[in-house]
Every structure is written in C-alpha cells, then in structure tokens.
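Topology and contacts: notes
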Amino acid sequence: MAEDYIVKDIALAGFGRKELDIAETEMPGLMACRAEFGEEKPLKGARIAGSLHMTIQTACLIETLVALGAEVRWASCNIFSTQDHAAAVIAEGGTPVFAVKGETLEEYWDYCDRIFQFGGEDGTANMILDDGGDATLYILLGARVEAGETDLIEVPTSEEETCLFAQIKKRLAASPGWFTKQRDAIKGVSEETTTGVHRLYELQKKGLLPFPAINVNDSVTKSKFDNKYGCKESLVDGIRRATDTMMAGKVAVVCGYGDVGKGSAASLAGAGARVKVTESDPICALQAAMDGFEVVTLEDVIDQADIFITTTGNKDVIRIDHMRAMKDMAIVGNIGHFDNEIQVAALKNHKWTNIKDQVDMIEMPSGSRIILLSEGRLLNLGNATGHPSFVMSASFTNQVLAQIELWKNGGEYENQVYILPKHLDEKVARLHLERIGVRLTQLSPEQAAYIGVSPEGPFKPEHYRY
Ligand code: NAI
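Since we're looking at a predicted model, the values are computed, not measured.

**Concerning the UniProt feature "domain: S-adenosyl-L-homocysteine hydrolase NAD binding" (unreviewed entry) in the chain**
- Annotation from UniProt places "domain: S-adenosyl-L-homocysteine hydrolase NAD binding" (unreviewed entry) at residues 227–386.
- The straight-line gap between the two end C-alpha atoms of residues 227–386 is 11 Å; of that span, 32% is helix and 23% is strand.

Take a look at the structure:
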C-alpha cells in the first residue's frame with residue numbers, strides 16, 4: 001500500500017525528533033495534559049481532521065492528541081508554514097500528514113481533502129481542529145454545493161478560490177454525497193485564530209453552523225499571549241531571516257493595533273525601529289498613542305517608512321497605489337492570517353526577482369523596488385519558524401481542552417460558538433508558571449471574600465478584559 005502521508009523528506013524525521021524533544025521541555029501545558037489524561041484517553045474514538053501550521057510545536061500538539069486516544073490526520077493551514085522536519089517526524093510516527101513547505105495552492109486543497117479521508121467503516125473525520133477556518137469552509141461549502149447551491153463555486157475571485165472550487169468539483173465528481181456525509185459526522189470544531197473565529201461567528205449569524213464550535217482564540221491564555229507575546233518574538237525574527245536588514249533607526253509602520261499589532265509594534269520597537277501605527281478603531285488607536293507610538297494614516301508616511309507590516313485580519317490594507325508610492329527597497333510583509341491584507345495579485349504583472357525562498361524583489365513602473373516577504377502570507381511562519389514553543393503550549397493546551405470538551409460533551413451544546421470557561425483558562429496559565437519560576441500569592445479567605453472571589457479562583461468576573 002502507498003504511504004499515507006506527503007512530506008518533503010521522511011529522512012528529516014531524526015532532526016524533527018531532536019527538536020521535538022527540546023520543544024517538550026518548553027511545552028508544560030501539553031505535557032501536563034498527557035500526564036493528566038494519558039491513561040483515561042478521553043479522545044478515544046475521536047477522528048480529528050487537523051489544519052494548522054505543521055511546525056515542531058504542532059507536532060507536540062499532535063502527539064498529545066494521539067496520547068489521549070485520538071486518531072489524527074493533518075495538513076498545514078498555509079502553503080509556506082510547514083517545517084519539513086516536523087512533518088517528517090509525525091509521518092514517521094504513523095500519523096498521516098500532508099504538508100510540504102512551499103506546496104502549491106492545488107496541493108494545499110488536495111491536502112485539506114486528505115485530512116478527512118479516514119479509513120474504517122465510516123471513512124470520515126468526526127472532529128475538526130482548525131486554524132483560519134479553511135478545513136471547516138471546505139466541508140461546509142462542499143455540502144452546500146452538493147445540496148444544489150452550485151452557483152457558490154462558479155465565479156472564483158482569487159487564485160485561492162480557483163483552486164478551492166476545483167478541488168470541491170473534483171471531490172463531488174469522485175464521491176457524490178461525500179461532503180454531506182462528512183459534515184453530518186462532525187461533532188464539533190475548535191478554532192485557533194481571530195480570522196477563523198470571525199468566519200465561525202458569521203456562519204452562526206446566518207444560521208449556517210451545523211455543529212458546535214469552541215473559539216480557542218479568545219481564551220485569554222491564547223489571544224493575549226500567542227497573538228501578542230508570540231508576535232513580539234516571531235515578527236522581527238521573520239524580517240531578519242528574510243532580509244538581514246538593520247532594524248535600529250528604521251521607520252516601521254504597523255497596520256492594526258489589536259493583539260497581533262501590539263506584539264508586532266513591541267517587536268519592532270524592541271529592535272530599535274521607530275514605529276508608527278495605523279488604526280481604524282479609536283480605542284486601539286488611543287492605546288497605541290499612549291503606548292508611545294505615533295498614530296498616522298498609511299498615506300501620511302507611505303514615502304517615508306522602510307518597513308510596512310499588516311496585522312489587521314482585514315483585506316486591501318496595503319494597496320497597489322501604496323506600494324507604488326513607497327521608497328526604493330521598502331520591506332513589505334503581513335503577519336495576519338490571509339495574504340489579502342496586501343494587494344499581491346495586483347503586483348503579478350510587475351517584474352519579480354526571486355531573492356531566495358519566500359523573499360521577492362518587485363519593481364514598480366517608476367523603477368523603484370519593494371521587498372515582499374512570503375508573497376504576502378504570514379511572514380513569521382513563512383520566513384521564520386513561527387512563535388516559540390512556550391507560548392504555543394498555552395494556545396495548544398486550550399486546543400486539547402476544547403477537543404476533549406466537544407468530543408465528550410458536544411451533544412450538550414447548541415450549534416453556536418463558545419469559549420472555554422474561565423477556570424480552564426486560569427488552569428492553562430497555572431500550568432505554565434512553574435517552568436518560568438513564577439510564584440503566586442495565595443489570597444486569604446478574608447481577602448478573597450473582600451474582592452468577591454473564591455481563594456481558588458476564578459479570580460476575575462467574565463467582563464474583565466486583562
Ligand atoms: P484584532 O481584531 O485584535 O486586531 C486587528 C486590528 O486591526 C483591530 O484593532 C482593527 O481595528 C484593526 N484594523 C482593521 N482594519 C484596519 C485597517 N484597514 N487599517 C488599520 N487597522 C485596521 O485581531 P488579532 O488577534 O490582532 O489578529 C489579527 C490577524 O492576525 C488575524 O488575521 C489573525 O488570525 C492573525 N494572527 C496571526 C498570528 C501569526 O502568528 N501570524 C497569530 C495570531 C493571529
């Protein structure tokens with residue numbers, strides 16, 4: 001039988017294992033899940049289709065899910081984010097994985113299809129673990145088309161959609177009824193990131209969410225840590241590995257000052273860049289100003305800045321007219337989930353010179369050039385290796401708890417989007433204290449009563465914003 005995986009080079013598994021061994025020492029939350037639930041195997045029977053950057057940290061998540069009893073099939077949620085040695089070690093361990101750094105968009109959607117191809121009687125996944133919502137989108141869109149809404153896949157508006165629609169048509173022709181059967185088998189989805197969560201709430205609003213979802217992103221121990229402190233480390237890492245540019249003294253513009261924007265601005269400021277911020281939300285704009293950043297419009301600074309980074313999760317933030325007005329050799333990159341934050345498609349008829357993998361120099365009609373990172377896809381994973389293990393441990397511990405909850409108790413939930421209860425959020429944080437030598441102050445019963453909490457927590461009301 002052919003191997004049930006697609007990786008760049010299975011011989012990289014040895015290197016992958018060595019890095020995974022190190023990651024385990026930095027991922028106390030995941031290791032605690034293995035210790036707490038390893039014997040009970042609460043995910044026994046779960047067949048998880050996973051779509052999330054296939055990195056070393058994700059390898060540690062996958063091995064945790066398997067240790068808890070799940071069957072898992074995996075793909076990356078971005079064509080550039082796979083670490084090939086991480087994919088190799090997972091494949092060698094017997095978990096089917098379909099992920100290659102630099103895969104094409106056709107391959108991307110083919111791999112998305114393959115994560116649902118479980119063997120056995122049912123032949124379906126029964127859980128989704130998603131990052132950005134593409135795996136969920138694939139099944140739900142396919143099922144709608146199967147139900148007669150064929151117009152949904154008639155007119156693609158991007159290269160992504162062209163490949164997605166082609167993949168859906170291929171699957172429909174090969175296995176009529178498959179999408180519907182697959183959709184009906186899903187007990188729930190846990191979603192990793194802001195953009196995917198946004199898609200889930202849209203589905204809920206339109207009455208199109210056919211199973212319960214847990215919004216992992218909005219656990220405090222996810223978005224206030226991974227999105228912020230993760231980007232604080234991985235943004236500048238990506239720019240440096242891509243360009244080796246001197247950061248100190250440069251003028252950098254960060255578009256968006258949400259959690260990712262806050263981490264990104266701090267990352268650049270920490271490297272000595274002079275950072276300016278653009279925002280559309282008055283609260284975040286005020287925060288940026290009071291954190292000491294000049295808040296401007298992109299047009300104000302377009303011909304002055306050296307580095308432009310989008311962090312908004314919105315589309316068309318850096319447009320073609322912006323890129324044409326930039327200084328010669330300005331660096332342009334995105335750390336938000338999708339590449340449509342920068343109008344990369346509009347650059348296609350320009351002169352591109354590939355410098356190295358995921359770094360291109362593009363010449364404007366005026367003769368000035370820009371350096372574009374990861375073709376506008378999230379650069380911390382395309383040009384570097386994403387966030388460090390420690391912060392991903394907090395994110396992924398939330399993922400594991402969400403999968404257990406949906407698998408064991410999913411029937412008790414409506415088809416809506418939920419977040420994990422605060423006591424679990426606090427538990428995730430607690431699991432990460434010892435590794436960095438944090439000592440908590442124990443409230444006396446009198447103190448706890450005075451501020452209206454229990455001495456064991458939760459320590460904050462639901463409306464508290466951190
Ligand atoms: P957020 O909602 O906290 O922040 C986005 C901010 O952008 C908001 O404050 C919004 O007002 C602002 N914004 C929207 N349109 C704008 C525009 N045209 N100009 C200026 N500002 C604008 O979202 P969060 O959590 O910061 O996530 C942002 C993106 O990053 C999402 O796509 C998310 O999925 C992704 N993400 C990427 C990670 C990575 O490692 N690369 C990690 C976590 C999230």
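On we go from here.
**What about the sheet that holds strand S8 (residues 274–278)?**
- With mixed pairing, the eight strands of this open sheet are ordered in space as S9-S8-S7-S10-S11-S14-S13-S12. Each end of this open sheet is capped by a strand with a single partner; those strands are strand S9 (294–295) and strand S12 (351–356).
- Bridge analysis of S12 against strand S13 (residues 359–363) gives five bridges, and the strand direction is antiparallel. Bridging from a neighbouring strand, Asn 354 pairs with Asp 360 of S13.

**Digging into the domain arrangement of the chain**
- Examined at the domain level, the chain breaks down into domain 1 (10–221 + 387–425) and domain 2 (225–383).
- Here the C-alpha centre of domain 2 lies 28 Å away from the C-alpha centre of domain 1.
- Each partner contributes to the interface: domain 1 provides 26 residues, whereas domain 2 provides 19 residues.
- Of the roughly 1,800 Å² buried between domain 1 and domain 2, counting both surfaces, carbon and sulfur atoms make up 57%.
- Of all residues in domain 1, Phe 80, Thr 195 and His 387 bury the most surface against domain 2, accounting for 33% of the area lost on that side.
- Counting across the domain 1 and domain 2 interface gives one salt bridge.
- Taking the shortest distance from any N to any O, the salt bridge between Glu 160 and Arg 377 comes out at 2.9 Å.
- At the junction of domain 1 with domain 2, the criterion picks out nine residue pairs in polar contact (both at pLDDT 80 or more).
- Secondary structure elements with two or more residues in the side of domain 1 that touches domain 2: helix H9 (194–205), helix H10 (220–243) and helix H16 (389–409).
- Looking at side-chain class alone, the side of domain 1 that touches domain 2 contains eight nonpolar, twelve polar and six charged residues.

**What to know about the sheet that holds strand S1 (residues 47–51)**
- Strand order across the open sheet formed by seven strands is S3-S2-S1-S4-S5-S6-S15, with parallel pairing between neighbours. For this open sheet the edge positions go to strand S3 (97–98) and strand S15 (417–418), each flanked by a neighbour on one side alone.
- Two strands pair when backbone bridges link them, and S1 and strand S4 (residues 127–130) are joined in this way by four bridges, in the parallel orientation. Within the sheet, the bridge partner assigned to Ala 49 lies in S4 and is Ile 128.
- Against the sheet, helix H6 (residues 134–146) contacts S1, S4 and strand S5 (189–191), and its axis sits at roughly 135° relative to S4.
- Along the sheet, H9 contacts S5, strand S6 (213–215) and S15; its crossing angle with S5, the most-contacted strand, is approximately 135°.

**Some words on empty space enclosed by the protein**
- Under the criterion given, the structure shown has one cavity of 30 Å³ or more.
- Taken together, Cys 77, Asn 78, Ile 79, Leu 105, Tyr 108, Trp 109, Asp 134, Glu 160, His 337, Phe 338, Asp 339 and Arg 377 form the lining of the largest cavity.
- Here the lining of the largest cavity takes three residues from helix H5 (residues 105–114), the largest share from any one element.
- Of the residues assigned to the lining of the largest cavity, the class counts are six nonpolar, two polar and four charged.

**Some remarks on the pattern of salt bridges**
- Scanning the entire structure with this criterion turns up 23 salt bridges.
- In this structure, the salt-bridge partner of Arg 377 is Asp 339, at a minimum N-O distance of 3.6 Å. Of this pair, Arg 377 sits in the loop between strand S14 (369–373) and helix H15 (379–382) while Asp 339 is found in the loop between strand S11 (330–334) and S12, placing the two residues 38 residues apart along the sequence. Residues Arg 377 and Asp 339 agree in their burial class; the two are buried.
- Each of Glu 160, Asp 339 and Arg 377 takes part in a single network of salt bridges with overlapping partners.

**A few points about the site of the ligand**
- In the vicinity of the ligand lie 26 residues, with Thr 193, Thr 194, Thr 195, Glu 279 and Ile 335 positioned nearest.
- Here an oxygen atom of the ligand sits 2.6 Å away from a polar atom, N or O, in the side chain of Thr 193.
- Residue Ile 335 places a main-chain N or O atom 2.8 Å away from a nitrogen atom belonging to the ligand.
- Protein contact buries 83% of the 860 Å² of open area that the ligand shows by itself.
- If you list the elements that add at least two residues to the shell around the ligand, you get H9, H10 and helix H11 (259–270).

**A short note on the layout of surface pockets**
- Approximately 910 Å³ is the volume found for the second largest pocket.
- Sorting the residues of the lining of the second largest pocket by element identifies H10, H16 and helix H17 (422–430) as the ones contributing at least two each.
- A breakdown of the residues in the lining of the second largest pocket according to their chemical character gives 16 nonpolar, five polar and eight charged.
- Looking at which domains feed residues into the lining of the second largest pocket, each of domain 1 (10–221 + 387–425) and domain 2 (225–383) supplies at least three.

**Considerations on unusual backbone geometry**
- Here Gly 457 and Pro 458 are connected by a cis peptide whose omega angle stands at -10°.
- Within the secondary structure, Pro 458 is located in the segment after helix H18 (445–451).
- For Ser 374, which is not glycine, the phi torsion reads 50° and is therefore positive.
- Locating Ser 374 in the fold gives a position in the loop between S14 and H15.

**A closer look at the side chain of Ser 234**
- Mapped onto the elements of the fold, Ser 234 is located in helix H10.
- A distance of 2.9 Å separates polar atoms of two side chains, one belonging to Ser 234 and the other to His 387.
- Dropping the residues within four chain positions of it, Ser 234 is found in contact with Asn 380, Gly 386 and His 387.

**Focus: the packing of H16 against H17**
- Relative to each other, H16 and H17 sit at 140°, their axes nearing to 9 Å. Relative to H17, the element H16 is oriented oblique. When the axes of H16 and H17 are compared, the crossing they make is right-handed. Touching Ala 394, Thr 397, Asn 398 and Leu 401 of H16 are Leu 424, Asp 425 and Val 428, all from H17.
- Taken together, the residues of the contact of H16 with H17 break down into four nonpolar, two polar and one charged.

Rules used throughout
Residues numbered from 1 in each chain as written. Predicted model: local features only at pLDDT ≥ 70, side-chain atom pairs only at ≥ 80, totals over all residues. Heavy atoms only, no water. UniProt positions renumbered as here; feature names shortened; annotations may be inferred. Helix = DSSP H or I, 4+ residues; strand = E, 2+ residues; numbered from the N terminus. Pairing = 2+ DSSP bridges. Domains from an automatic or database assignment. Contact = heavy atoms within 4.5 Å. Buried area = accessible area lost by both parts, 1.4 Å probe. Salt bridge = Lys/Arg side-chain N within 4 Å of Asp/Glu carboxyl O. Polar contact = N/O pair within 3.5 Å; in protein donor to acceptor, adjacent residues only side chain to side chain. Nonpolar A, V, L, I, M, F, W, Y, C, P; charged D, E, K, R; others polar. Axes fitted to C-alpha atoms, helices over the stretch in contact; angles between N-to-C directions. 1 Å grid on protein atoms, 1.4 Å probe; cavity = no way out; pocket = protein on both sides within 12 Å on 5 of 7 lines; lining within 4 Å. Points joined across faces, edges and corners; volume = space filled by probe spheres on them. Buried < 20%, exposed > 50% of the residue type's maximum accessible area, 1.4 Å probe, protein only. Near = heavy atom within 4 Å. Areas by Shrake-Rupley, 256 points an atom, 1.4 Å probe, with all protein chains shown as cover. Parallel < 35°, antiparallel > 145°, perpendicular 65-115°, else oblique. Left-handed = near helix turned anticlockwise from the far one by under 90°.

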